[in-house]
Amino acid sequence: MPLAYIVDDEPHIRRLASISLKDAGFDTAEFSDGATVLRAVGQQKPDAILLDWMMPGLDGMEVLRQLRANPATRPVPILMMTARSDEVDRVLGLELGADDYVTKPFSVKELAARVRAVIRRQEYLTPPQEQLLKSNGITLDYARRRVTKNNQPVELTQKEFELLYTLMKAPGRVFTREMLLDTVWKIDFYGDTRTVDVHVRYLRQKLEDEPDNPKLILTVRGAGYRFRD
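Quantities reported herein were computed from a predicted structural model and do not represent experimental measurements. (Residues numbered from 1 in each chain as written. Predicted model: local features only at pLDDT ≥ 70, side-chain atom pairs only at ≥ 80, totals over all residues. Heavy atoms only, no water.)

A. Local environment of the nonpolar core. Judged by nonpolar contacts, the single largest core of 28 residues is most densely connected at Leu140, Val147, Leu164, Leu167 and Leu207. Secondary-structure elements contributing two or more residues to this core are strand E7 (138-141), helix H6 (158-168), helix H7 (177-185), helix H8 (194-207) and strand E12 (224-227). The element best represented in this core is H6, accounting for six residues. Once residues lying within four places of it in the same chain are set aside, the contact partners of leucine 167 are Phe175, Leu180, Ile217, Tyr225, Arg226 and Phe227. Ranked by size, the runner-up nonpolar core spans 20 residues in total, among them Ala40, Leu64, Val76 and Ala98. (Core = buried A, V, L, I, M, F, W, Y, C linked by side-chain atoms within 4.5 Å. Buried < 20%, exposed > 50% of the residue type's maximum accessible area, 1.4 Å probe, protein only. Helix = DSSP H or I, 4+ residues; strand = E, 2+ residues; numbered from the N terminus. Contact = heavy atoms within 4.5 Å.)

Here you go:
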């Protein structure tokens, strides 16, 4: 039976999420603050974490940062529970490594479905067969999480790195924004694909000689993006 940790400073939210997940076949453990759940994760890794954004003390963003910075906890699927609906906030959470998010008030059925989805995607993840990719002066070393351009290091965020890897391992293939959301962010398409456009723009600024006239990460009008083959 999968185990989910629920982290929220509001008891009724924890109770509602716990009932939803238990009805869907999960074991759950509830935590009211970030420091407590970090200690618990160190003792037993759950199959997923539902993490509130706004909490006293360590907020959800800091807990997320610490979990993703630790190689032992980095793979744990994390779904953010937030009352924030602003696009910038959602982008920030995904950028820092959240696998998905749900906005309060949430549907209990949708919550369970989303948790199952992030666990399922994590289970299907396999180590990449291509550890070293080279193309057009760009070298991506997946094992070392390192990217260079003309032998000079390029600093990328986690999502930028995964996005570049996805595009580079299939040069010439057109990826729709929905495909990239599912592959890189591990979330289903719910109508907002601007996150992909934002990260493509960041990648171009770091990798292209002329970001406004890209030669590596190409836009396919009406479809999506592809890496130059």
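Further notes follow.
B. Fine view of the pattern of salt bridges. Inspection of the entire model under this criterion finds 14 salt bridges. In this structure, the salt-bridge partner of lysine 104 is glutamate 10, at a minimum N-O distance of 4.0 Å. Linking lysine 104 in the loop between strand E5 (100-103) and helix H5 (108-124) with glutamate 10 in the loop between strand E1 (3-7) and helix H1 (11-23), this pair joins segments that are 94 residues apart in sequence. Residue glutamate 10 is classed as partly exposed on the basis of its relative accessible area of 31%. Here the salt bridges do not stand alone but share partners, grouping Asp8, Glu10, Asp52 and Lys104 into one network. (Salt bridge = Lys/Arg side-chain N within 4 Å of Asp/Glu carboxyl O.)

C. Spotlight on the side chain of glutamate 160. With respect to the helices, strands and loops of the structure, glutamate 160 is situated in helix H6. Accessibility expressed as a relative area gives 3% for glutamate 160, which makes it buried. For glutamate 160, the side chain forms a polar contact with the side chain of lysine 206, separated by 2.7 Å. The residues contacting glutamate 160, other than those within four sequence positions of it, are Glu155, His199, Tyr202, Leu203 and Lys206. (Polar contact = N/O pair within 3.5 Å; in protein donor to acceptor, adjacent residues only side chain to side chain.)

D. Just the packing of aromatic side chains, in detail. Counting across every chain of the model gives three aromatic pairs. Ring centres of tyrosine 142 and phenylalanine 161 lie 5.7 Å apart, and the angle between their planes is 55°; this geometry places the pair in the tilted category. Within this pair, whereas tyrosine 142 is found in the loop between E7 and strand E8 (146-149), its partner phenylalanine 161 is found in helix H6, the two being separated by 19 residues in sequence. Of the residues examined, tyrosine 142 reaches a relative accessible area of 17% and is grouped as buried. Among the aromatic residues, ring-to-ring pairing joins Tyr142, Phe161 and Tyr165 into one connected group. Directly above the ring of tyrosine 142 sits arginine 145, whose terminal nitrogen or CZ lies 5.1 Å from the centroid. (Phe/Tyr/Trp six-rings, centres within 6.5 Å; stacked < 30°, edge-to-face > 60°. Lys NZ or Arg CZ within 6 Å of the ring centre and 35° of its normal.)

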